[in-house]
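Coordinate analysis (summary)
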2 protein chains.
Amino acid sequence: MTPSRHSDALRAAQLYYLQDLTMDAIARELRTSRSTVSRLLSSARESGLVQIQIRSPLDTGPELASMIRAEYKVDVHVVPVVDTLNEAETLDRVAMQAARTIGPLVDSNAIIGVAWGSTLSAVSRHLTRKITHDSVIVQLNGAGNMQTTGITYASDIMRRFGSAYGARVEQFPVPAFFDHAATKKAMWNERSVQRILQLQARMSIAIFGVGSVDADYPSHVYAGGYLDEDDLNVLANSDVVGDVATVFFRADGSADGITLNERSTGPDLAQLRQVRRRICVVSGASKINGLRGALTAGLATDLILDEATARRLVSFDGVS
Amino acid sequence: MTPSRHSDALRAAQLYYLQDLTMDAIARELRTSRSTVSRLLSSARESGLVQIQIRSPLDTGPELASMIRAEYKVDVHVVPVVDTLNEAETLDRVAMQAARTIGPLVDSNAIIGVAWGSTLSAVSRHLTRKITHDSVIVQLNGAGNMQTTGITYASDIMRRFGSAYGARVEQFPVPAFFDHAATKKAMWNERSVQRILQLQARMSIAIFGVGSVDADYPSHVYAGGYLDEDDLNVLANSDVVGDVATVFFRADGSADGITLNERSTGPDLAQLRQVRRRICVVSGASKINGLRGALTAGLATDLILDEATARRLVSFDGVS
DNA sequence: AAGCACTATGCACAAACGTGCAGAACGGAA
DNA sequence: TTCCGTTCTGCACGTTTGTGCATAGTGCTT
């Protein structure tokens, strides 16, 4: 009974959230049982019919969020955590809040660029549904590596985004890094690749994590067989601090002359900065160096991170 | 303890609405009692920190809302009502939903034009707080009449808007109608009046009800001593169907040649149509004729009305 | 320092809510 | 029509949440 059920859900949501009736009262109004109303409301939230968002006041005293906001000119969402939480639990919380924060930003006709990695994977698992039209999810960078084509991992993430927002999914079926810059150049002229690149150029939202070269638990990129020994050595001996979508940068935000980027498949930083809404999700204080670089480079317009990392971000700034 | 209390509220709201923790769990995390958390969350909702909104899908089958939307090109919010409700209860519901719907549209630096009348009065009583900066509430039309200066009534409405959004309030201290068009012309050149007019010209949101000449319970305008016998007779014998902010119009949406408007203090229809967001709130099916005129005139971008009126609106259209 | 007015807190109880479960209703397929 | 699988519904129970009240805390005045 999808037709009337949907409109019942809308009605119930209006009465509950907009008029503060109790479920009991709504049940009487809809001539059904209270439990059904409870379920209608669940499905209304579930399907994105009801949107709950938290607008952190932009001016709250000298707090973490506002300090970071002032320093880096980004919209900050600090996820509260308690120190008894471990890495995985923290990631889960951050991902959940990120998913819910992204929801309201997504709209019809959006082109949403999505990177991959453990952070994005976690986020994708917590997305709340929201019905949109003619939206597209486009993969930001290739995911193939020397062992696998990377299909399953990255495409699961993409697929979850797609189904949460009812959007078309456009994969980017190339390796994360080419072995030879020349191959990349050649591929970039292929029409199948051009199509993806042109979508990327028209992105209205980009969502990504950051990799940090010196993280305690190195990101997929640094550990997952994407780069060989030589590459890793070069990285370690350079002043690269991290990456976004497999594009590397230094602490000062610069990326020029980093040869690895010539073989990488992610959007270059200048192009990324063109995107109206660039959402960076970070969990785990050990990513701090990569994060600072990304912020300095102006890669993000919105930052969602856990409290512990936020604290380190500002204390570092104070020291330096 | 406003500083930490506020940030506790934010934290609680994030944990509750964004991460689905129970209040109990949040209480432990904040080292306080569950009841305090309950109260923190109340105040977070209360103060507009948490925004709940319902996005009615724009494409739901052949329903009331979408029929009206298609016909008049407005964003429609139909307020569900049961037929056991009387006029006053319906108005209350509509007003409540209107207030909550308006909330998310208000933002910092907004200039919000507000009319007066029983509908607006009801709406003003249900506004939810939302902190904004440098917003202004500006009165759309004068409220003085032959008995009183209209100060208390209209200014209560304005004041409530102002305090809900933390906005400056700009009253319009003139009568609703001048006795002589010439006086209006003269006053319109006064600098004190000019200031208000210029604010009105820069409005980003306008909120108003409609008056209908043949309503069962005539609006304030037609009954409150704003117009004398002669005026009312002229109206009754003309083809005027209603008014918005004391500016009259015909069923076809036209207003040219209606002499009363030359003495009225509301913004003329062309000017009103310049406003980006024009929110019309209507409760009570007897206002149908005025409403149709207003919609035909393209005065509203958003319409909030009760279900019964919505139903009559489309059935009329079907018949004619 | 004491007194006072006001606000915030936790307790305890009542109200409101979510959900497993069993039965009803529905929608094909035979 | 009957059967079976699926979905929807209401009940009953346990959990979660709101709130009046007494108490503790806070800041301001004298």
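Residues numbered from 1 in each chain as written. Chains lettered and ligands numbered in written order. Predicted model: local features only at pLDDT ≥ 70, side-chain atom pairs only at ≥ 80, totals over all residues. Heavy atoms only, no water.

1. Remarks on the sheet that holds strand β9 (residues 247-250) of chain B
Residues and elements named next belong to chain B. Pairing within the open sheet is antiparallel, and its three strands lie in the order β7-β8-β9. Looking at strand neighbours, the two that pair on one side only are β7 (211-212) and β9, the edges of this open sheet. With four bridges connecting them, strand β8 (residues 240-244) and β9 associate as antiparallel partners. For Val244, the partnering residue across the bridge sits in β9 and is Val247. Sitting on the sheet, helix α13 (residues 288-296) is in contact with β7, β8 and β9, with an inclination near 70° to β8. (Pairing = 2+ DSSP bridges. Helix = DSSP H or I, 4+ residues; strand = E, 2+ residues; numbered from the N terminus. Contact = heavy atoms within 4.5 Å. Axes fitted to C-alpha atoms, helices over the stretch in contact; angles between N-to-C directions.)

2. Considerations on the protein's contact with DNA strand C
Surveying the vicinity of DNA strand C reveals 15 residues, the closest of which are Met23(A), Arg34(A), Ser38(A), Thr32(B) and Arg39(B). Met23(A) places a main-chain nitrogen or oxygen 2.9 Å from a phosphate oxygen of DNA strand C. Take Ser35(B): an N or O atom from its side chain is 3.3 Å from a base nitrogen of DNA strand C. Taken together, the elements giving at least two residues each to the surface near DNA strand C come down to α3 (34-46) of chain A together with α3 (34-46) of chain B. (Near = heavy atom within 4 Å. Polar contact = N/O pair within 3.5 Å; in protein donor to acceptor, adjacent residues only side chain to side chain.)

3. Let's talk about the relation of the copies chain A and chain B
Once turned by 180° and shifted 0.1 Å along the axis, chain A lies on chain B with an RMSD of 0.1 Å. What the superposition gives is, in effect, a two-fold axis relating one chain to the other. No C-alpha of chain A approaches the rotation axis more nearly than that of Ile52(A), which lies at 2.2 Å. Most of the interface of chain A is mirrored in chain B, where 100% of its interface residues again form contacts. (Least-squares fit on C-alpha atoms with pLDDT ≥ 70 in both.)

4. Remarks on the pairing of strand β11 (residues 302-306) of chain B
All names here are of chain B. Among the five residues that make up β11, five are buried, leaving the element largely enclosed by the rest of the structure. Residues Asp302, Ile304 and Asp306 of β11 are buried on one face, and the alternating residues Leu303 and Leu305, pointing to the opposite face, are buried as well. One ladder, built from four bridges, connects strand β10 (residues 277-282) with β11; its direction is parallel. Bridging from a neighbouring strand, Val282 pairs with Leu305 of β11. Read as a crossover between parallel neighbours, the route from β10 over α13 to β11 is right-handed. (Buried < 20%, exposed > 50% of the residue type's maximum accessible area, 1.4 Å probe, protein only. Right-handed = clockwise from strand over helix to strand, strands pointing away.)

5. Remarks on the packing of aromatic side chains
This model, assessed by the stated rule, comprises ten aromatic pairs over all chains. Their ring planes at 85° and their centres at 5.0 Å tell us that Tyr16(A) and Tyr17(A) sit as a pair that is edge-to-face. A relative accessible area of 27% means that Tyr16(A) is categorised as partly exposed. Pairing Phe172(A) with Trp188(A) gives two aromatic rings, centres 5.7 Å apart and planes at 35°, and the pair type is tilted. Taken as a pair, Phe172(A) in the loop between β5 (168-170) and α8 (181-187) and Trp188(A) in the loop between α8 and α9 (191-201) lie far apart in primary sequence, 16 residues in all. Phe172(A) gets classed as buried once you look at its relative accessible area, which sits at 2%. Ring-pair connections join several aromatic residues into one group, and the members of that group are Phe172(A), Phe178(A) and Trp188(A). The lysine or arginine in question, Lys184(B), covers the ring of Trp188(B), its NZ or CZ lying 5.3 Å from the ring centre. (Phe/Tyr/Trp six-rings, centres within 6.5 Å; stacked < 30°, edge-to-face > 60°. Lys NZ or Arg CZ within 6 Å of the ring centre and 35° of its normal.)

6. Remarks on the pattern of salt bridges
Residues and elements named next belong to chain B. Applying the stated rule across the entire model yields 22 salt bridges over all chains. Here Arg168 ties to Glu170 by a salt bridge, and the two come within 2.9 Å at their closest N and O atoms. With a relative accessible area of 46%, Arg168 lands in the partly exposed category. Of the residues examined, Glu170 reaches a relative accessible area of 8% and is grouped as buried. In this structure, the salt-bridge partner of Asp239 is Arg250, at a minimum N-O distance of 3.0 Å. (Salt bridge = Lys/Arg side-chain N within 4 Å of Asp/Glu carboxyl O.)

7. Describing the protein's contact with DNA strand D
In the vicinity of DNA strand D lie 15 residues, with Thr32(A), Arg39(A), Met23(B), Arg34(B) and Ser38(B) positioned nearest. Taking the atoms of DNA strand D that fall within 4 Å of the protein, sugar and phosphate contribute 49% of them. At 2.9 Å, a side-chain N or O of Ser33(A) approaches a phosphate oxygen of DNA strand D. Take Ser38(B): an N or O atom from its side chain is 2.8 Å from a phosphate oxygen of DNA strand D. Elements represented by at least two residues in the surface near DNA strand D include exactly α3 of chain A together with α3 of chain B.

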